[in-house]
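Spelled out, the chains give:
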Amino acid sequence: MITDLNSQRLEQLTTTGVRVDSPEAMIALGRELASGLEAGSVIALQGGLGAGKTHFTKGLAAGLAEAADSNETSMEVTSPTFSLVHEYRGGRLPLYHFDFYRMSSEHEVLRIGWDEYTDAEGVIVVEWPDKFPGLIPAEVFWLILEHDEDTRVVKLLGHSHD
C-alpha cells in the first residue's frame, strides 16, 4: 500500500483535505504520494468531470519515474476514458490507469483483464471507482476529489494497509 506517507499529510487528507488551486499543484500532490507507493497499491479517485483525477495521476507517474531515475519523467499521461486502461512503464513500478466511466458492467471490467492487473506487481489507479465498488480491492487508498470553479479539495475517504 502506501508505506511512508508523512503522518501529518495523512492526517490532513483524512480531516480537512488538501486544498489544490492549480493543475500543477494537483500534479505535485500526486508526485508526493507516489514516493510511498509499493507493488500492489490501489488508488481510487472519485470525483466529477474536471476534478483533477488525470492531473493527480500525472503526478503519480512522474513520481514513480523520478524514483527510478528514469528518463520518462515527462510521460504523456492522458485519461483512459475511451481506451479504458493505459499502462505506463519505465518507472520504479508500472502504473495501470483505469477509467470506469464508460464501462457498463463489472463483467466488462473483468473482460479487459482487471483480475490480471490486480495480481500484477504494479500500481493501479482507478477513475470513477464508485461505479463498481465491488471490484475494488479491500486494500485501497480511496480519494475524493471535490471541486468548484477555482479550487479542488482532495480528501481521503478510507484506506487500509497491511
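From a predicted model like this one, the values you see are computed outputs, not experimental measurements.

So, how was this worked out
Residues numbered from 1 in each chain as written. Predicted model: local features only at pLDDT ≥ 70, side-chain atom pairs only at ≥ 80, totals over all residues. Heavy atoms only, no water. Buried < 20%, exposed > 50% of the residue type's maximum accessible area, 1.4 Å probe, protein only. Helix = DSSP H or I, 4+ residues; strand = E, 2+ residues; numbered from the N terminus. Pairing = 2+ DSSP bridges. Lys, Arg positive; Asp, Glu negative; His and termini not counted. Salt bridge = Lys/Arg side-chain N within 4 Å of Asp/Glu carboxyl O. Polar contact = N/O pair within 3.5 Å; in protein donor to acceptor, adjacent residues only side chain to side chain. Core = buried A, V, L, I, M, F, W, Y, C linked by side-chain atoms within 4.5 Å. Expected span 1.5 Å × (residues − 1). Arc of directions from axis to C-beta. Contact = heavy atoms within 4.5 Å. Phe/Tyr/Trp six-rings, centres within 6.5 Å; stacked < 30°, edge-to-face > 60°.

Asks: Where do I start with the pairing of strand S2 (residues 42-46) in this structure?
Replies: Within a regular strand, the side chains alternate between the two sheet faces. By the criterion of burial, S2 is predominantly enclosed, with four of the five residues buried. The pairing of S2 with strand S5 (residues 123-127) spans four bridges and is classified as parallel. Across the sheet, residue leucine 45 finds its bridge partner in S5, namely glutamate 127. Inspection of the sheet shows S2 paired to strand S6 (residues 141-147) by four bridges, in the parallel sense. Bridged to leucine 45 within S6 is leucine 143.

Asks: Which parts of the structure should I look at to understand the side chain of glutamate 127?
Replies: With respect to the helices and strands, the residue glutamate 127 is situated in strand S5. No salt bridge forms around the buried glutamate 127; measuring N to O, its nearest opposite-charge neighbour lysine 53 is 4.6 Å away. Within the structure, the side chain of glutamate 127 is placed 3.0 Å from the side chain of threonine 54, a separation counted as a polar contact. Separated by 2.7 Å, the side chains of glutamate 127 and histidine 97 make a polar contact.

Asks: It is not clear to me how the nonpolar core should be interpreted in this structure. Could you clarify?
Replies: Looking at soluble globular proteins, one finds that nonpolar side chains tend to be buried together. Residues Leu13, Ile43, Phe56, Leu60, Leu143 and Val154 are the most contacted members of the largest nonpolar core, which totals 25 residues. Those elements that provide at least two residues to this core are strand S1 (18-20), helix H2 (23-34), S2, helix H3 (53-67), S5, S6 and strand S7 (152-159).

Asks: Help me out: how do you make sense of the environment of histidine 86 in this one?
Replies: Structurally, the position occupied by histidine 86 is in strand S3 (residues 85-88). C-alpha separation for the pair histidine 86 and aspartate 99, spaced 13 residues apart in sequence, amounts to 9.0 Å.

Asks: Got a minute to help me understand the pattern of salt bridges in this structure?
Replies: Note that side chains of opposite charge can pair when their charged atoms are close. In total, this model carries three salt bridges according to the counting rule given. Put simply, glutamate 87 and arginine 89 hold a salt bridge, and the shortest N to O gap is 2.9 Å. On the basis of relative accessible area, glutamate 87 is assigned to the partly exposed category, the value being 38%. Given a relative accessible area of 47%, arginine 89 falls into the partly exposed group. The salt bridge involving lysine 155 is made with glutamate 146; its shortest N-O contact spans 3.7 Å.

Asks: Hey, could you run me through H2 in this one?
Replies: A turn of α-helix holds 3.6 residues, and therefore any two residues three or four places apart point the same way. Taking 1.5 Å of rise per residue, the twelve residues of H2 would be expected to cover 16 Å, and the 17 Å separating its terminal C-alpha atoms lies within 8% of that figure. Regarding H2, the residues found buried are Met26, Leu29, Gly30, Leu33 and Ala34. Projection of H2 onto a plane perpendicular to its axis shows the buried side chains occupying an angular sector of 145°, all on one side.

Asks: Sorry if this is basic, but what is going on with the side chain of glutamate 108 here?
Replies: Along the chain, the position of glutamate 108 falls in helix H4 (residues 106-111). One buried charged residue, glutamate 108, forms no salt bridge at all, with the nearest opposite charge on arginine 111 at 4.8 Å. Excluding residues within four positions of it along the chain, glutamate 108 makes contact with Leu84, Arg102 and Met103.

Asks: Got a minute to help me understand the environment of glycine 59 in this structure?
Replies: Residue placement: glycine 59 occurs in helix H3. Exposure remark for glycine 59: the relative accessible area of 0% places this residue in the buried category. Apart from the residues lying within four places of it in its own chain, the contact partners of glycine 59 are Ile27, Gly30, Arg31 and Ala34.

Asks: Just checking my understanding: could you explain the packing of aromatic side chains for this structure?
Replies: Centre distance and the angle of the planes are the two values used to describe a pair of aromatic rings. Counting across every chain of the model gives seven aromatic pairs. Seen in terms of ring centroids, phenylalanine 98 and phenylalanine 100 are 6.4 Å apart; in terms of plane orientation they differ by 75°. Their pairing is edge-to-face. Each member of the pair, phenylalanine 98 as well as phenylalanine 100, is classed as buried. With 5.4 Å between their ring centres and 65° between their planes, phenylalanine 100 and tryptophan 114 make a pair best called edge-to-face. Of this pair, phenylalanine 100 sits in the loop between strand S4 (95-99) and H4 while tryptophan 114 sits in helix H5 (residues 114-119); the two residues are 14 residues apart in sequence, bridging distant segments of the chain. The class for phenylalanine 100 is buried, based on a relative accessible area of 0%. When its relative accessible area of 1% is taken as the criterion, tryptophan 114 is described as buried.

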